[in-house]
Amino acid sequence: MTALLLALLLFCGGLCAQAQPAQKQNAAADALLQQGLAQAQAGKLDAADAQFRAGIHRYPRDGRFWEEHAGIAYEQKHFAAAQHALRHALALNPQDSYANNFLGTLYFLNENLEAALFYWNRADRPVLRDLTVQPQPHVDPLLLDRALNFAPDSVWTLQQYRTTDAQLAALALFPQRFYALAAQPDGSFGLVLHASQRPSWRKNPIGNLAAFSRSLPYQAVDPEFYNLNDKGLNWKSYVRWDDEKRMLTSELAMPTPVGPQERLRLYFDGRNENWLLTKTLIPAVPALASVNVERAVVGLELRLLEGWRWQWSMAAEFSDRKFRSLAGIPSGANPFFTSTAGLTVRLSAQATLLRIPQNRFMLTGSATGAVEKFFSSPLDRAGSAEGSLLAHWLPQARGQDYETTEQMRAGGTFNTVPFDDLFLLGFDRDNPLWMRGHFGLVNGEKGNAPLGRNYLLSNTEIDKLALQSPWVRLQLGPFLDSGNIWDGSPYFGAHGWMTDTGAQATITAPGRFAFILGYGRDLRSGGNVFYSTVTR
């Protein structure tokens, strides 16, 4: 018993001995902090900051010095330094209400609402009193209400913001959206959504005429009508009368009664194209190799939006293709040119894999799988799969200067597919798989770029913001494309890995379309390409 009592006394004595230096240290830290605060109140910011920096060095586990150092940096308009200091304070105490609120406010002043909400939510802010939309949109009020994820007199969360923005984007009616917070006397906020709605032909005939005629240099027009009958029904078409590659596409897209998170799309795609395959077939054929492709597709798609992170789509389509005027095609390649009808079922998923608003970085992924049934021998059943990863980074604290994107894609087919289902790597305005040093046309006809049933592709771009105004944005920058395409048959594919580089200019009419003008060089062959296109 005596031994146990002695051990307890020794243990308590040790604790007391440790507590006394800790108390002295806390008192010294408090004194140093008060000295700095006094200097700051006297307007001697540099002297105060010297005290706070000394506290950071002496007491690295005391986040108060980081917070006060952030306050001085803010007063001196060194906002990046203030953010850096507050992140250090939150690394010591992630739930510090003052530091979270301060850092959220700094991001909000930098027009980074996502990052602001990330930190504000930790401090149970902002509490929203009401929500208004300006200008008042011409759309079914019930449809708009279902798109807005908002609860009055409660904290507006980052997830609610992301879901709202995703659902508004799905309507395709508000290409430009800006969220403003107005402080109320009771400490709550009013949320004002500035949603620029696509104007009707009657309200903006000049703007709509410009959008309608944007493809005229390519012998095409883009008839588009949005929000028909104020129900979110959009009708978009594309008509091209080029003799070598006629094309008509049209689609009707509308929300279901559930709301904007569910959309139905009925679409048609009809083409009549002349292909010159002399340079594409492997081995190269000595005679002129060409084919006329006539193809029509009609389909129905259901797209489901689950919050802001996931998007699913299911589609069923009927297709019919005819191959005419075949010349110079090797007999072994004839199965690719089988005229046939077919049924296709397609499933797709898109996901936001990583979203870091503090660094303005986002990584998204997508995957698509399709099963096809053809009705003419020797074609029978086939399938395809594609996957994509897209990284998007805005390195500046605000704005779009030095916008950087990297996209990696891969795809493949199973069994023999008709010629019009082959992948193409090259620059073609109808083709999403760009290799910008390989022009897809020759004498106006398609068929100059490599084709195949399997591909790998990487596209990297860095765009410098050269001009920004409310009406137009100009971006300039280099790109690097790298990829390969191959086929199980001896007739298609590339001659090896391809690498293209160059530069392009993108002129964007915000909320409408973008005109792209570029130069690409094939590093393997030394070929040069000048290209242009307009987004549809």
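Conventions we followed
Residues numbered from 1 in each chain as written. Predicted model: local features only at pLDDT ≥ 70, side-chain atom pairs only at ≥ 80, totals over all residues. Heavy atoms only, no water. Pairing = 2+ DSSP bridges. Helix = DSSP H or I, 4+ residues; strand = E, 2+ residues; numbered from the N terminus. Salt bridge = Lys/Arg side-chain N within 4 Å of Asp/Glu carboxyl O. Buried < 20%, exposed > 50% of the residue type's maximum accessible area, 1.4 Å probe, protein only. Contact = heavy atoms within 4.5 Å. Axes fitted to C-alpha atoms, helices over the stretch in contact; angles between N-to-C directions. Core = buried A, V, L, I, M, F, W, Y, C linked by side-chain atoms within 4.5 Å.

Attention now goes to the pairing of strand S9 (residues 259-276). Two strands pair when backbone bridges link them, and strand S8 (residues 245-256) and S9 are joined in this way by 12 bridges, in the antiparallel orientation. Opposite Met247, over in S9, you have Arg271 as the bridge partner. Hairpin connection of S8 to S9: two residues between the antiparallel strands. Of the pairings in the sheet, the one linking S9 to strand S10 (residues 290-306) comprises 15 bridges and is antiparallel in character. Directly across from Asn272, in S10, lies its bridge partner Glu294.

The final tally for this structure, using the stated rule, is 35 salt bridges. Between Arg53 and Asp49 there is a salt bridge, with its nearest N and O atoms 3.2 Å apart. In this pair, Arg53 and Asp49 are both assigned in helix H2 (residues 45-58), four residues apart and thus about one turn of the helix distant. Between Arg381 and Asp380 there is a salt bridge, with its nearest N and O atoms 3.7 Å apart. For Arg381, a relative accessible area of 55% puts it in the exposed group. According to the relative accessible area criterion, Asp380 is partly exposed, its value standing at 34%. Linked by salt bridges that have partners in common, Arg240, Asp269, Arg271, Glu273, Asp428, Asp430 and Lys446 make up one network.

Overall, mixed pairing links the four strands, which are arranged S2-S1-S4-S3 in an open sheet. The sheet is open, and its two borders are formed by strand S2 (154-155) and strand S3 (176-183), each paired with just one other strand. Pairing analysis gives two bridges linking strand S1 (residues 127-134) to S2, with the strands arranged antiparallel. Each bridged residue has a counterpart across the sheet, and for Val127 the counterpart in S2 is Val155. Docked against the sheet, helix H8 (residues 158-171) engages S2, S3 and strand S4 (189-196), running at close to 145° with respect to S3.

Core analysis: the biggest nonpolar cluster contains 47 residues, and Phe65, Trp156, Leu168, Phe174 and Tyr179 have the highest contact counts within it. The element contributing the most residues to this core is helix H6 (residues 113-122), with six residues. When residues no more than four places from it in sequence are discounted, the contact partners of Phe65 are Ala29, Leu32, Leu33, Gln51, Phe52, Gly55, Ile56 and Tyr59. If you look at the next biggest cluster of nonpolar residues, it comprises 22 residues, including Val291, Ile329, Ala333 and Phe492.

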